Amino acid sequence: VLRSLGIPTRVITNFNSAHDRNINLSIDKYIDISGKTLHLTEDSVWNFHVWNESWFIRRDLGSFYDGWQVLDATPQERSKGIFQCGPASTKAIKEGDVNLDYDSSFVFAAVNADCVTWIHYSNKRKERIYSNTRKIGKFISTKAVGTNSRVDVTDNYKYPEVKEIPFKISYSQYKNALMDDRKILVTAL
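In this text, all values refer to a predicted model and were calculated from it rather than measured experimentally.

*Asks:* Would you take a moment to explain the overall build of the chain for this structure?
*Replies:* What the chain contains, in helices and strands, is 4 helices and 12 strands. A buried classification covers 39% of the 189 residues belonging to the chain. In the chain, of all internal contacts separated by at least 6 residues, the share reaching a separation of at least 24 is 57%.

Below you can see the structure in the form of structure tokens.
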């Protein structure tokens with residue numbers, strides 16, 4: 001429909017796509033002390049998920065966010081009371097601007113959530129025992145114009161993965177460090 005209106009549009013496929021039900025930017029798995037999986041969350045990782053991108057000027061968000069926008073025609077979650085997703089700017093997703101309207105936090109998690117395993121001791125006590133920051137958002141792709149070749153657009157959604165840091169920090173410290181890194185990057189630009 002958007003193409004028929006003259007709006008550039010393409011299909012995007014994201015492999016290892018996170019479905020973050022509680023929008024905490026992580027896919028949480030809980031186990032008990034014996035290692036048995038506890039079903040305390042509805043988060044999941046899908047083999048792949050497909051959505052559309054369309055090219056828009058974003059007067060509502062500012063010119064920085066112009067360009068490709070994520071639109072999901074098959075949303076699985078309500079957004080502002082109805083089943084919808086987008087238009088979320090791919091620039092916002094890449095920059096981690098998860099507080100913008102139009103489901104940028106949900107799409108950010110789909111391509112960049114951490115997979116975290118917790119031991120659940122009681123209702124008040126849990127301990128993070130494993131975190132995988134590289135599993136989600138692989139081979140984000142679209143079809144090449146005029147051929148059946150795959151075009152990798154992962155760099156439009158996320159920065160290259162970096163080597164994991166060998167020391168343990170809390171999730172809140174990790175989130176704060178990411179925000180500090182983003183502020184430094186934006187200041188440097």
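That was the structure; now back to the text.
*Asks:* Any chance you could explain the pattern of salt bridges here in plain terms?
*Replies:* Two side chains of opposite charge can pair, provided their charged atoms sit close to one another. Applying the stated criterion across every chain yields a total of 4 salt bridges. Put simply, R10 and E53 hold a salt bridge, and the shortest N to O gap is 2.7 Å. Linking R10 in strand β1 (residues 9–19) with E53 in strand β4 (residues 44–56), this pair joins segments that are 43 residues apart in sequence. You'll find R10 and E53 in the same group, each marked buried. The partner of D60 in a salt bridge is R58, with the nearest N and O atoms 2.9 Å apart.

*Asks:* Any chance you could explain the nonpolar core here in plain terms?
*Replies:* Across soluble globular proteins, nonpolar side chains show a tendency to be buried alongside one another. Counting 22 residues, the largest nonpolar core has W51, V70, I93, V107 and Y157 as its most contacted members. Of all the secondary-structure elements, those providing two or more residues to this core are β1 and α2 (104–112). For this core, the leading source of residues is α2, giving 6 residues. Other than its neighbours up to four places away in sequence, Y157 contacts I12, W51, E53, V70, T90, I93, K94, V107, V111 and I140.

What counts and how
- Residues numbered from 1 in each chain as written.
- Predicted model: local features only at pLDDT ≥ 70, side-chain atom pairs only at ≥ 80, totals over all residues.
- Heavy atoms only, no water.
- Helix = DSSP H or I, 4+ residues; strand = E, 2+ residues; numbered from the N terminus.
- Buried < 20%, exposed > 50% of the residue type's maximum accessible area, 1.4 Å probe, protein only.
- Contact = heavy atoms within 4.5 Å.
- Salt bridge = Lys/Arg side-chain N within 4 Å of Asp/Glu carboxyl O.
- Core = buried A, V, L, I, M, F, W, Y, C linked by side-chain atoms within 4.5 Å.

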